[in-house]
Amino acid sequence: MPQAGTKIVIVGGSFGGVNAAYALRRKLGRSAEITVIAKDQEFLFTPSLPWVIMGWRDPARIQVPLAEPLARRGIRFVHAAVEELDAAKGTVRTANTRFPYDHLVISAGAELDYAAVPGLGPAGGFTRSTFTVSEAVGARDALARALAAERGRIVIGAAPGVSCIADAGDTAYYFSADPFLPPRNKVAHKKGKWAHYLKLAFEKYYLARIRHDWPSVHFGW
Ligand SMILES: Cc1cc2nc3c(=O)[nH]c(=O)nc-3n(C[C@H](O)[C@H](O)[C@H](O)COP(=O)(O)OP(=O)(O)OC[C@H]3O[C@@H](n4cnc5c(N)ncnc54)[C@H](O)[C@@H]3O)c2cc1C
């Protein structure tokens, strides 16, 4: 058990960061000072971004502002981008403030590299994407324009190295783009609404989990 006042700083307010903060608070009680620093003010339930494209979800409905639920657990939330880590001094720095830590958790996610595939990506490329809210909203509007024009083809795919299980209402799809192992591109689909209902339940459970620190469910894999 750490000494009272041990400072834990967590960079990232998404799946990794918020779960780490809740788990550490449960494990350590109030003995530790836990601070979550994230450049996004909200937790975003990414698995529902494809529903934003379909117009089935308002982006606000799949986001949870983090300050209040974290504060209820005595976890400080700082909305800022971390610009520098100094492991020797044990500090992280945002534009205005330096935060000292005894223990640091880094859960800052992935940085996308659209430039790795010429033509890929919504900025400067020819494809839409669904990694962020603004990308999903851009894809939703582009889809609406394409459907209104009633012409052209819509191609749905995955970039190399990506695999994705997608729920399209009455059909579940699996895409995999393996850069090395043949067959390199795999697409499978299964008819039925089961994936849709599973996904609905998962969304509701997970958003409640972030709002109220519900216990995690482990399925054993
Ligand atoms: C459309 C879509 C659907 C998905 N569906 C599924 C699914 O069904 N099942 C599944 O298991 N996974 C799914 N994923 C993958 C899942 O979203 C990621 O694995 C997950 O989000 C990774 O969580 P993370 O906490 O590591 O980082 P991220 O979710 O990437 O979050 C990064 C966090 O770090 C913060 N951050 C980044 N840089 C800084 C900085 N410099 N300073 C401060 N804060 C910073 C951000 O604000 C954010 O809070 C999906 C992803 C997408 C895009």
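This text follows the structure it describes.
Here we summarise the structure given alongside this text. (Residues numbered from 1 in each chain as written. Predicted model: local features only at pLDDT ≥ 70, side-chain atom pairs only at ≥ 80, totals over all residues.)

Comments concerning the overall build of the chain
- A tally of helices and strands in the chain yields five helices and 12 strands.
- Taking the principal axes of its C-alpha atoms as reference, the chain extends roughly 65 × 35 × 35 Å.
- Within the chain, buried positions represent 20% of all 221 residues.
- Looking at the chain alone, contacts between residues at least 24 apart form 53% of all its contacts between residues at least 6 apart. (Helix = DSSP H or I, 4+ residues; strand = E, 2+ residues; numbered from the N terminus. Buried ≥ 20, exposed ≤ 12 C-beta atoms within 10 Å, placed from the backbone. Contact = placed C-beta atoms within 7 Å.)

So, helix 5 (residues 194-212)
- Given a rise of 1.5 Å per residue, 19 residues ought to cover 27 Å, and the 27 Å separating the end C-alpha atoms of helix 5 matches this to within 8%.
- Those residues of helix 5 that sit buried are Ala-195, Tyr-206 and Ile-210. End-on view of helix 5: buried residues confined to an arc of 30 degrees, all on one side of the axis. Exposed and facing more than 90 degrees away from the buried side of helix 5 are Trp-194, Tyr-197, Ala-201, Lys-204, Tyr-205, Ala-208 and His-212.
- Where helix 5 is buried, its residues contact helix 1 (15-28), strand 3 (42-44), strand 4 (63-65), helix 3 (67-72), strand 10 (163-167) and strand 11 (171-177).
- After helix 5 finishes, the residue Asp-213 shows a positive phi value of roughly 55 degrees. (Expected span 1.5 Å × (residues − 1). Arc of directions from axis to C-beta.)

Side note on the sheet that holds strand 7 (residues 91-93)
- Across the sheet, three strands lie side by side as 6-7-8; this open sheet has antiparallel pairing. The sheet is open, and its two edges are formed by strand 6 (84-86) and strand 8 (98-100), each paired on a single side. Recorded for the sheet is a direction-independent mean angle of 15 degrees between the axes of neighbouring strands.
- Pairing between strand 7 and strand 8: three bridges, direction antiparallel. Note that in strand 8 the partner of Arg-93 across the bridge is Arg-98. (Pairing = 2+ DSSP bridges. Axes fitted to C-alpha atoms, helices over the stretch in contact; angles between N-to-C directions.)

A short note on the site of the ligand
- Neighbouring the ligand are 23 residues; Gly-12, Ser-14, Gly-16, Thr-46 and Gly-109 lie closest to it.
- Counting only elements with at least two residues in the shell around the ligand, the list comes to helix 1, strand 2 (32-38) and helix 2 (49-53).
- Looking at which element gives the most residues to the shell around the ligand, the answer is helix 1, with three residues.
- Considered class by class, the residues forming the shell around the ligand number 12 nonpolar, nine polar and two charged. (Near = placed C-beta within 6 Å. Nonpolar A, V, L, I, M, F, W, Y, C, P; charged D, E, K, R; others polar.)

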